[in-house]
Amino acid sequence: MDKVKVGIIGIGNMGSAHLKNIKTGEVPNMECVAVCDTSEKRREDLKKQYPDIKVFDNATDLYKSGLVDAVVIAVPHYDHCPLAIEAFGYGLHVLVEKPAGVYTKAVEEMNDVAKKSGKVFGIMYNQRTNPCYQKIKDLVQSGELGAIKRISWIITDWYRPQAYHESSTWRSTWATEGGGALINQNPHQLDLWQWMFGMPDQIDAFVGFGKYHDIEVDDDVTAVFRYKNGLTGTYITSTGEYPGTNRLEIACDMGRIVVEKNKIEFKRNRISEREFEKINTIPFGKPECWDCEIPNNQGAGEQHKGILKNFADAVLKGSDLLAPGYEGINGLTISNAIHYSAWTGETVDVNNMPADDFYRILQEKIAASTVVKEDKQIVSNTEGTY
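Residues numbered from 1 in each chain as written. Predicted model: local features only at pLDDT ≥ 70, side-chain atom pairs only at ≥ 80, totals over all residues. Heavy atoms only, no water.

J.: In this structure, what is going on with the sheet that holds strand E12 (residues 255–260)? I would like to understand it.
T.: Backbone-to-backbone hydrogen bonds pair the strands of a sheet. The strands run either parallel or antiparallel. Here 9 strands make up an open sheet; going across it, the order is E14-E13-E12-E11-E7-E10-E9-E8-E15 and the pairing mixed. Edge positions in the sheet fall to strand E14 (289–294) and strand E15 (348–349), since each has one partner strand and no second. Where strand E13 (residues 263–269) and E14 come together, 6 bridges link them in antiparallel fashion. Residue pairing in the sheet places Lys267 in a bridge with Asp291 of E14. Against the sheet, helix H6 (residues 131–142) makes contact with strand E7 (148–155), strand E11 (246–252), E12, E13 and E14, and its axis sits at roughly 160 degrees relative to E12, the strand it touches most. Its contacts with the sheet put helix H12 (residues 328–344) on strand E8 (202–209), strand E9 (218–226) and E15, and the angle it makes with E8 is roughly 70 degrees. (Pairing = 2+ DSSP bridges. Helix = DSSP H or I, 4+ residues; strand = E, 2+ residues; numbered from the N terminus. Contact = heavy atoms within 4.5 Å. Axes fitted to C-alpha atoms, helices over the stretch in contact; angles between N-to-C directions.)

Structure (structure tokens):
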């Protein structure tokens, strides 16, 4: 076959965007032949707009139809893992939207099933297509920067007004979304952090829950990451600041890198600061430092289209995935650790993440959530989110 026949589960904001990219030919190696959504109105609209696509009201019937080779799962977060697991059971390749899930216990199960299935498993970490972050990863792993001393990422350009949180009943509650800024807006940056710099060993976090909005989940985060090799990092994010900032700063032996507005500024030391320290005898001496331009003529990269193309190539040709689904657990572990530290006031040992205790506290949050029915069953998909 020269195209992957795909079904999209959930035609909300992201599912609609993926469908449009495929139908307009932006992903030439992929064909959308089926979609699924729980909203009757949305299904009727889809039938009128795309009469050549089979429309389903539930994922199981789509999986069993035999129409598709793969599925793209773009539904509320709690449903990512069970829908992916079911899809693997029907022998389908899976591309899941971020985040991989809400808690790591569920994602571990999904990863195990995916491995046993032997199918291609990807995650929509579209920021990995950004040439800036690809270059930073390359510079770090090549050793050109020397030892990394400190990382600071301020990512506060996720501004969301109260109207956003009220735009759908599944948003911004523990019961239906599983968190706030960390689980919704920030999975990309948390993934990029571990992708470029590796997983931190310890995390301390200070989190505001409903600090700027009438919501029960996080909308303001300051976290401190520590590594066994001495590297420290600060991660600051918020959905209540405007205008916001997206600035990544990396202090290293060979100078300082700043990534902002898809540009990389590199103030490069002629020799390593540590080497300079060994030979310098001048009280206020400093290494010679150059302003180095690192070109980026590709903007933000292909983003969602790039991940879709790469996923299709992996199915068709066995190409390596830019964003393997198995790696989704890494950024989620950081997110869970930040929440856990804020809930307990403890420093979290990331290598021994207390997943069971995290899950216990999350269940308490869900039970107390404003959208839990009298029978304690979670309200979900009330607006046809898939």
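Back to the write-up after that little detour.
J.: Even after reading the chapter, I still don't get the pattern of salt bridges, so can you show me in this structure?
T.: Should their charged atoms come close, side chains of opposite charge can pair. For the coordinates displayed, the defined rule picks out 23 salt bridges. For Lys47, the salt bridge goes to Glu44, with nearest N and O atoms at 3.5 Å. One end of the pair is Lys47 and the other is Glu44, both in helix H2 (residues 40–49) and 3 residues apart, which spans about a single turn. Residue Glu44 is classed as partly exposed on the basis of its relative accessible area of 35%. For Asp191, the salt bridge goes to Arg128, with nearest N and O atoms at 2.7 Å. Pair noted here: Asp191 is in helix H9 (residues 187–197) and Arg128 is in the loop between strand E6 (121–123) and H6, with a separation of 63 residues, a long-range link. (Salt bridge = Lys/Arg side-chain N within 4 Å of Asp/Glu carboxyl O. Buried < 20%, exposed > 50% of the residue type's maximum accessible area, 1.4 Å probe, protein only.)

J.: When you look at the environment of Ile22 in this model, what are you seeing that I'm missing?
T.: One can find Ile22 in helix H1 (residues 13–23). Judged by relative accessible area, Ile22 falls into the buried class, the value being 6%. Apart from residues no more than four positions distant in its own chain, Ile22 is found in contact with Val6, Ile8, Val27, Met30, Glu31, Cys32 and Leu308.

J.: Honestly, the packing of H6 against H9 in this entry has me stumped. Any pointers?
T.: Describing two packed helices takes the angle between their axes plus the distance from one axis to the other. At a minimum axis separation of 8 Å, H6 and H9 run at an interaxial angle of 30 degrees. The angle between the axes of H6 and H9 places the two elements in the roughly parallel class. Along the contact surface, H6 presents Tyr133, Gln134, Ile136, Lys137, Val140 and Gln141, while H9 presents Leu192, Trp195, Met196 and Phe197. (Parallel < 35°, antiparallel > 145°, perpendicular 65-115°, else oblique.)

J.: Could you clarify how one ought to interpret the nonpolar core in this entry?
T.: Residues Ile9, Tyr63, Val71, Ile73 and Ile338 are the most contacted members of the largest nonpolar core, which totals 111 residues. Sort the elements by how many residues they give to this core and H12 lands first, with 7 residues. Excluding its chain neighbours within four sequence positions, the residues that come into contact with Val71 are Val6, Gly7, Ile9, Leu62, Tyr63, Ala87, Leu92, His93, Val94 and Leu95. (Core = buried A, V, L, I, M, F, W, Y, C linked by side-chain atoms within 4.5 Å.)

J.: I would appreciate a short explanation of the side chain of Lys137 in the present structure.
T.: Within the secondary structure, Lys137 sits in helix H6. Of the side chains with opposite charge, Glu327 lies nearest to the buried Lys137, which makes no salt bridge, at 7.0 Å. Leave out the neighbours within four places in its chain, and Lys137 touches Trp195 and Met196. (Lys, Arg positive; Asp, Glu negative; His and termini not counted.)

J.: Looking at this structure, how should I read the environment of Gly180?
T.: Position of Gly180 relative to the elements: it lies in the loop between helix H7 (162–165) and helix H8 (181–184). In this structure, the C-alpha to C-alpha distance between Gly180 and Ile215, residues 35 residues apart in sequence, is 8.7 Å. Each residue touching Gly180, except ones within four places of it in the same chain, is listed here: Gln185, Val217 and Asp218.

J.: Which parts of the structure should I look at to understand the side chain of Asn310?
T.: Among the secondary structure elements, Asn310 is positioned in helix H11 (residues 303–317). Among the residues examined, Asn310 registers a relative accessible area of 18% and is labelled buried. Not counting residues within four places of it along the chain, the set of residues in contact with Asn310 comprises Asp320, Leu321, Leu322 and Ala323.

J.: I tried to follow H6 on my own but got confused; where do I start?
T.: For an α-helix, 3.6 residues make a turn, and residues three or four places apart therefore share a direction. Its 12 residues give H6 an end-to-end C-alpha distance of 16 Å, which sits within 8% of 16 Å, the value for a rise of 1.5 Å per residue. Where H6 is concerned, the buried positions are Pro131, Cys132, Tyr133, Ile136, Lys137 and Leu139. For H6, the side-chain oxygen to backbone nitrogen distance between the N-cap and Cys132 is 2.8 Å, and the N-cap itself is Asn130. In the stretch just after H6, Gly143 is the one whose phi turns positive, near 85 degrees. (Expected span 1.5 Å × (residues − 1). Polar contact = N/O pair within 3.5 Å; in protein donor to acceptor, adjacent residues only side chain to side chain.)

J.: Is there a simple way to think about the sheet that holds strand E1 (residues 4–9) in this case?
T.: Strand order in the open sheet made by the 6 strands is E3-E2-E1-E4-E5-E6, with parallel pairing throughout. If you trace the sheet from one side to the other, it starts and ends with strand E3 (54–56) and E6, each paired once. Strand after strand, the sheet turns through a mean of 25 degrees between neighbouring axes, direction not considered. The pairing of strand E4 (residues 70–73) with strand E5 (residues 93–96) spans 4 bridges and is parallel. Looking at the pairing, Ile73 lines up with Val96 of E5.

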